[in-house]
Amino acid sequence: MSDAIVARKLTKSFKGMTAVNDVSITLRSGEILGLLGPNGAGKTTTFQMLLGILTPTSGSIDYFGKDLFSHRSEILERVNFSSTYTNLPWNLKVSDNLAFLSRLYIMPDRAKRVAEVTSTFRLESLLDKPVVALSAGELTRLNLAKAFMNDPEIVLLDEPTASLDPESAHVVREYILRRRKERGMSVLFTSHNMSEVETVCDRVVFIHRGTVVADDTPVNLARTLDRCNISLIIPAELEGTFVECCSLFSATSATQDGYTTLSLRESVVSAFLQELGRRCIPLHGLTITRATLEDYFLRQAHNSEGAHA
C-alpha cells in the first residue's frame, strides 16, 4: 500500500523569513504520527501546508501517492482535520453546522452519519445552541465531529483534546485508537500533552526552528537522554548528608511537597543508591522513573532557548 502522506523538502518563507526549512515527513498507512516542537518551531505552518491552506515555497505533498495540488478535490474527499484555528459559522446553531458540514462530502446516509458523530462527541445537548455561545471545550468537540464527519482515511488533528476535561479527552483518545484499529485510519497528531502523545502515537517527528531534528518512537527518543528521575523523602536531619551525596554524582536536588527529586544518568543510579545506604539515608517513598517524552521535549525546548540567547 502507498504511504498515506509523503511530504518532501517542504519550505515556506514569509518576506525573507523562513518558517519551515526543507522538512520531509512520511505518514504511513494506519500509523498515528506525532508532530511535535516548541512554540514557533514551524508545526502550524507545516500543518497548514499539508492541508493545502498554505502553498509551499518549494517542495511537494502526496496523499495516497497523488499530488495534493493536482488532485485536491479527490484527496480532500478522503481526508479531514481538526484545528484550534478553525472558525465555524458562529451565528448558526450546532445542528445547522453539522448539517452543513455533512453536505461537503459524498456519503450514503447523511442523517445517520450526523447522528453518529453527534453521539460520539456528546453534542446532543448542544444542538440548539449557536456556535458563538459554546465554551472552548464544546467548540473542540464540535471541531472533532467535523473532522470525523466523512469517516476519513486520513485525519490531521491539531491539539484535538485542547480545553477538554480529562474524561472527555480520554473518550477522544480511545475513539482515535479504535478508528485506527477498525478502519486502518492514518493520523497526524499534534499535542503539548506528552503523556497523551506517548499513549496514542506510534512515532514522533520533532521540529525545531523549522527543521526536523528527530524522527523515532516516543520510547526511543526518551532513551536518548540516558536519564532517570529519582524521588524520595529525606528526613530533615539528613538533608545536609543527602546534598553531599548528590554532589559526589554532580547532581542537584529540589524539594516540593515533602519529596526530594533529582535526575541522574541511568548507569549511575545503582551506585547512587548504594552511597545512600552507606550513609544510612533511608529510601522512604523511593520512586525511580526513566526519562519520558516530556523530558525529551523540555530538553529540546531548552536547547532552542539557548540557541537564541
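Here the structure is shown first, and the text comes after it.
Residues numbered from 1 in each chain as written. Predicted model: local features only at pLDDT ≥ 70, side-chain atom pairs only at ≥ 80, totals over all residues. Heavy atoms only, no water.

Caption draft 1: Examining the environment of Thr-241 more closely. With respect to the secondary-structure elements, Thr-241 resides in helix H9 (residues 239-248). Relative accessible area serves as the criterion here: at 24%, Thr-241 is assigned to the partly exposed category. Sequence-wise, Thr-241 and Arg-279 are 38 residues apart; in three dimensions their C-alpha atoms are separated by 7.6 Å. Among residues more than four places away in sequence, those in contact with Thr-241 are Arg-279 and Ile-281. (Helix = DSSP H or I, 4+ residues; strand = E, 2+ residues; numbered from the N terminus. Buried < 20%, exposed > 50% of the residue type's maximum accessible area, 1.4 Å probe, protein only. Contact = heavy atoms within 4.5 Å.)

Caption draft 2: Region of interest: the side chain of Asn-150. Looking at where Asn-150 falls in the secondary structure, it is placed in the loop between helix H5 (136-147) and strand E7 (154-158). When residues no more than four places from it in sequence are discounted, the contact partners of Asn-150 are Leu-76, Glu-77, Arg-78, Val-79, Asn-80, Tyr-105 and Met-107.

Caption draft 3: Highlighting the packing of H9 against helix H10 (residues 269-278). Where H9 meets H10, the axes come as close as 10 Å, and the angle between the chain directions of the two elements is 150°. One finds that H9 runs roughly antiparallel with respect to H10. Between H9 and H10 the crossing geometry is right-handed. When H9 is examined against H10, the residues Phe-242, Cys-245, Cys-246 and Leu-248 are found in contact with a partner set consisting of Phe-272, Glu-275 and Leu-276. Of the residues assigned to the contact of H9 with H10, the class counts are six nonpolar, no polar and one charged. (Axes fitted to C-alpha atoms, helices over the stretch in contact; angles between N-to-C directions. Parallel < 35°, antiparallel > 145°, perpendicular 65-115°, else oblique. Left-handed = near helix turned anticlockwise from the far one by under 90°. Nonpolar A, V, L, I, M, F, W, Y, C, P; charged D, E, K, R; others polar.)

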